[in-house]
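Take a look at the letters that make up each chain.
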Amino acid sequence: MDAPTTPLLAASAGGMLAIWHDVAPGQSATVREWYGREHHFERLAIPGFMEARRFDRVAGTGAEIFGAYRVTAPEVLNSDAYRARVDAPSGWTREAMRHFRNMSRTVCVITGRAGHAQGGFLAALASPCGELVDAPATCDQLLSPPGVLQVTALAAERKAPGPSSTEQGLRNGPDAQIAWALLFDTDSLDAGERVLEAAQSLTGCRQPVQAAVYRLCFAARNPS
């Protein structure tokens, strides 16, 4: 039986804050403890935040950590509640963020999705330029390889960004951004590597900024 798909995405599909970064040598445990004990739950307490997931790279070319925050709409990332939080970082946040390296942070619109399950692995293909043509159809097509559970297409929100935050000033240099991305929930590392290859062939993305498979290490949802 074929996996169910979502051929057309509703306008209310929502948004995602997509974050990739490395960590200064010797500081990995510090940053991961902060994420899992404080930071993710701070974000989930903000109205409009629905889910937080964090992954560690296990194969491919890309940042050491990938974080995905699903929100009800991209506008949540410029709301008064969000701005208040990022302009008043905790002491632990001030300590942890100074260890970030090669930060990429993009407010995204979800432009396509196929499948209904999440996996223990996530493959990510992200481009710094251009656009993904016919995202819903691309998601449907790339759901078919064995082991692929869900495909999500993202595009950078084109509205003018809000002002710089206090948190942004804590990080080591300016944040990069992506133009679009495809995220693949899979049931194995092998499935992730296979679908990455298929995605690069289908999209013609030959110089991605992220082309890696990640292992899930944190997942939580807003309980409200």
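In the block above lies the structure referred to throughout.
The paragraphs below set out a description of the structure included in this document. (Residues numbered from 1 in each chain as written. Predicted model: local features only at pLDDT ≥ 70, side-chain atom pairs only at ≥ 80, totals over all residues. Heavy atoms only, no water.)

## Focus: unusual backbone geometry
(1) Moving on: Although it is not a glycine, Asn102 adopts a positive phi angle of roughly 55°.
(2) Moving on: Its location among the elements puts Asn102 in strand β4 (residues 100-115).
(3) Moving on: In this model, Asp134 sits at a positive phi of 50°, which is unusual for a non-glycine residue. (Helix = DSSP H or I, 4+ residues; strand = E, 2+ residues; numbered from the N terminus.)

## Quick look at the state of the cysteines
(1) Moving on: This structure, assessed with the given rule, holds zero disulfides.
(2) Moving on: In this model Cys129 remains outside any disulfide bridge; the closest cysteine sulfur is found in Cys205, 7.6 Å from its own.
(3) Moving on: Exposure remark for Cys129: the relative accessible area of 52% places this residue in the exposed category.
(4) Moving on: The closest cysteine sulfur to the non-disulfide-bonded Cys217 is located on Cys108, 19 Å from its own sulfur. (Disulfide = S-S within 2.5 Å. Buried < 20%, exposed > 50% of the residue type's maximum accessible area, 1.4 Å probe, protein only.)

## So, the pairing of strand β1 (residues 15-23)
In regular strands, side chains alternate between the two faces of the sheet.
(1) Moving on: With nine of nine residues buried, β1 lies mostly within the body of the structure.
(2) Moving on: Every second residue of β1 is oriented toward a common face, with Gly15, Leu17, Ile19, His21 and Val23 on one face and Met16, Ala18, Trp20 and Asp22 on the other, all of them buried.
(3) Moving on: Sheet topology note: the β1/strand β3 (residues 65-71) ladder contains seven bridges and is antiparallel. Across the sheet, residue Leu17 finds its bridge partner in β3, namely Tyr69.
(4) Moving on: As paired strands, β1 and β4 are joined by eight bridges and run antiparallel to one another. Its bridge partner lying in β4, Ile19 is registered against Arg105. (Pairing = 2+ DSSP bridges.)

From the geometry alone we can't say anything about function, so treat these as descriptive.
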